[in-house]
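Chain by chain, the residues:
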Amino acid sequence: RKCLDMKYQALVKRLKENRLFKDSFWAVFGNGMGFGLMLLAGILIARFLGKDLYGEYGMVKTTMFQVAAFATFGLGYTSTRFVAKAKREDPSQICGIVHSSFLITVASSSVLAILLFIFAYPLAEFIEEPSLALAFRLLGVITILKALLTTQNGVLAGLGDFKGLARNNVISGLSLLVLCVPLTVLFSVKGSLLALALSQFINLVLNFFLLKKEKLIAWNEWQFSKLKELLRFSIPVALQELTFSLSYWLTSLILVKMTTMGELGVYSAAAQWNTVVLFVPSLLSNVILSHLSGNVSNKKHHQRTIQMALCMNLCCTLLPFLIVYFSTDFIYTLYGPSFSSLPTVLRISLFSTILSCLGNVFNNEMISQGRTWVTFFARSTRDILGVVVVYYLLLISEGIGGARQVAYAHLISGAYYLFCYILAYCMSNKKDRYTETLA
């Protein structure tokens, strides 16, 4: 027993001294509270709005997240990679990287926000929901906030300030929970979106003060030396975000056109619980990318980090997967009787989370190695495949069980995605071993 106690104490000591574990702790447990609050807010909004109005809310919210992902021009990942690498190799470069990252984000998100404002009415009429025109215009403002927030998170992850990020996300989640009920009751869908916008703005301000503390916000010292390098690296990352955004939006559009807005509401609810299952791996994404980018020159340490990341992601996905899978009937009762098909859709869609959690580790590995065109190929072909399969399944089923057909399509495209990355990773290792043999 004494021997076991000593081994246990030694293990605890090693974990406490392991930077990857400490960063993961703050990314998971700190942000867990914030995400839990946001999930609770989403459930309350769904109950107040009902299936059809929640489908409208899900449509706008989904569009916002996908457009904002492209609006950053890939700087969410790129800034993490460059800042983490510069922190280890040449800290004097960090200021230029940060300033250039924000310049690109402001420019790209502003252009997209203007386009959304101009084409709000045609877009709302196209999906046969004219009442959403004002919501799409509000979406333009939220897009800028979300894009800036994404770049801020990338920079702070590169700096390793996961504790500060966790604290700010908790406050943002709490503000959304407090604001969503009164604003949804007063203004319906528009109130829900306004609550989302205000919570994003609060998070943005809090992150600004973290960067100010690091002395990285000095408006009279903008540096453009890194602009070209960042753009060259981030173009394929931005393109893959674009294909993902388009595919997600097209999937929602096809689902609405070939079935009903209610089916989109059901799938949005299921997707929300997929996010719960992938919550820990998604939080670990920037942690993993930061560590992989920081030790890319140390092959042995780099390989060990990849193995640890795969094990952590798989373990952190399996437990919530099982809990949610066996709780689908209870989850259905949280949303109300209009979500009667939710348990079946949720059980199917949950299996794609296992594929995603493993594929995302390989995605971070390719980005850390600078192989962003490989990530573009894997993700873009996955997204195209997903849309094609969704359309085909809805066509042969004549629109029956639309949300269920989308869940099957995402499962198929997820399997393809993981296969592409495993193949690319094996080929890369084989090439490295061949190069070492020649040397």
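Along each chain, numbering runs from 1 in the same order as the chain's sequence is written. It should be noted that, the model being predicted, local features are given only for residues of pLDDT at least 70 and side-chain atom pairs only at 80 or more, the latter also being counted only at that level, while totals for whole chains, interfaces and linings use all residues. The side-chain values count all of the structure's non-hydrogen atoms but skip hydrogen atoms and water molecules.

Here we take up the side chain of T328. Secondary structure counts use DSSP, requiring at least four H or I residues in a row for a helix and at least two E residues in a row for a strand, with both numbered from the N terminus. Checked against the element boundaries, T328 lands in helix α12 (residues 328-335). Overall, T328 belongs to the buried group, its relative accessible area being 2%. The definition of a polar contact used here is a pair of N or O atoms within 3.5 Å, where within protein one atom must be able to donate a hydrogen and the other to accept one, and adjacent residues in sequence count solely through side-chain atom pairs. A polar side-chain atom of T328 sits 3.4 Å from the main-chain carbonyl oxygen of Y325. A distance of 2.9 Å separates polar atoms of two side chains, one belonging to T328 and the other to R347. With sequence-adjacent residues up to four places away left out, T328 is seen in contact with P343, L346 and R347. Here the term buried applies to any residue with accessible area under 20% of the maximum for its type, exposed to any over 50%, and partly exposed to those in between, with areas from a 1.4 Å probe on protein chains only. Any two residues having at least one pair of non-hydrogen atoms within 4.5 Å are treated as being in contact.

Every axis in this analysis is a line fitted to C-alpha atoms, fitted for helices over the stretch in contact. Angles between the N-to-C directions lie between 0 and 180 degrees. Remark: helix α9 (residues 261-277) packs on helix α13 (residues 342-368), axes separated minimally by 9 Å, with the N-to-C direction vectors making an angle of 40°. On the basis of their axis angle, the class for α9 and α13 is oblique. For the crossing formed where α9 meets α13, the hand is right-handed. Packed against α9, whose contacting residues are V266, Y267, A269, A270, W273, N274 and V277, the element α13 presents L342, V345, L346, S349, L350, S352 and T353 at the interface. Oblique is the label for any angle not covered by the other classes, which are roughly parallel (under 35 degrees), roughly antiparallel (over 145) and roughly perpendicular (65 to 115). Should the near helix be turned anticlockwise from the far one by less than a right angle, the crossing is termed left-handed; should it be turned clockwise, right-handed.

The next point concerns the nonpolar core. Core analysis: the largest hydrophobic core is formed by 63 residues, its most contacted members being Y57, Y267, W273, Y335 and L342. Excluding residues that lie within four positions of it along the chain, Y57 makes contacts with I45, L49, V189, S192, L193 and L196. Counting 26 residues, the second largest nonpolar core, distinct from the first, contains V83, L148, L289 and I367. Joining through side-chain atoms within 4.5 Å is the link that ties buried Ala, Val, Leu, Ile, Met, Phe, Trp, Tyr and Cys residues into a set, and such a set is a nonpolar core.

Only residues whose relative accessible area exceeds 30% and that form no salt bridge enter a patch; like-charged residues are grouped when within 9 Å of one another, and nonpolar side chains (Val, Leu, Ile, Met, Phe, Trp, Tyr) when within 5 Å. Values of accessible area rely on a 1.4 Å probe in the Shrake-Rupley scheme; residue burial ignores everything except the protein chains shown. Any carboxyl oxygen of Asp or Glu within 4 Å of a side-chain nitrogen of Lys or Arg constitutes a salt bridge here. Taken together, the side chains of V111, I114, L115, F117, I118 and F119 define a hydrophobic patch exposed on the protein surface, amounting to about 580 Å² of accessible area. Note on placement: L115 falls in helix α4 (residues 94-118).

Another aspect to go through is the packing of aromatic side chains. Only Phe, Tyr and Trp rings are paired, with Trp represented by its six-membered ring, and only when their centres lie within 6.5 Å; those with planes under 30 degrees apart are stacked, over 60 edge-to-face, the remainder tilted. Under the criterion given, the structure shown has 10 aromatic pairs. For the pair Y325 and F326, a centre-to-centre distance of 5.3 Å together with 80° between the ring planes defines the contact as edge-to-face. Accessibility expressed as a relative area gives 25% for Y325, which makes it partly exposed. When the ring of Y325 is compared with that of F351, the centres are 5.9 Å apart and the planes differ by 75°; the resulting orientation is edge-to-face. Of this pair, Y325 sits in helix α11 (residues 299-325) while F351 sits in helix α13; the two residues are 26 residues apart in sequence, bridging distant segments of the chain. A ring has a charge above it when a Lys NZ or an Arg CZ is no more than 6 Å from the ring centre and no more than 35 degrees off the ring normal. The positively charged end of R81 is found above the aromatic ring belonging to F82, 5.2 Å away from the centroid. Against the face of Y417 rests R382, its NZ or CZ located 4.3 Å from the ring centre.

By themselves, these observations are geometric and do not establish any function.
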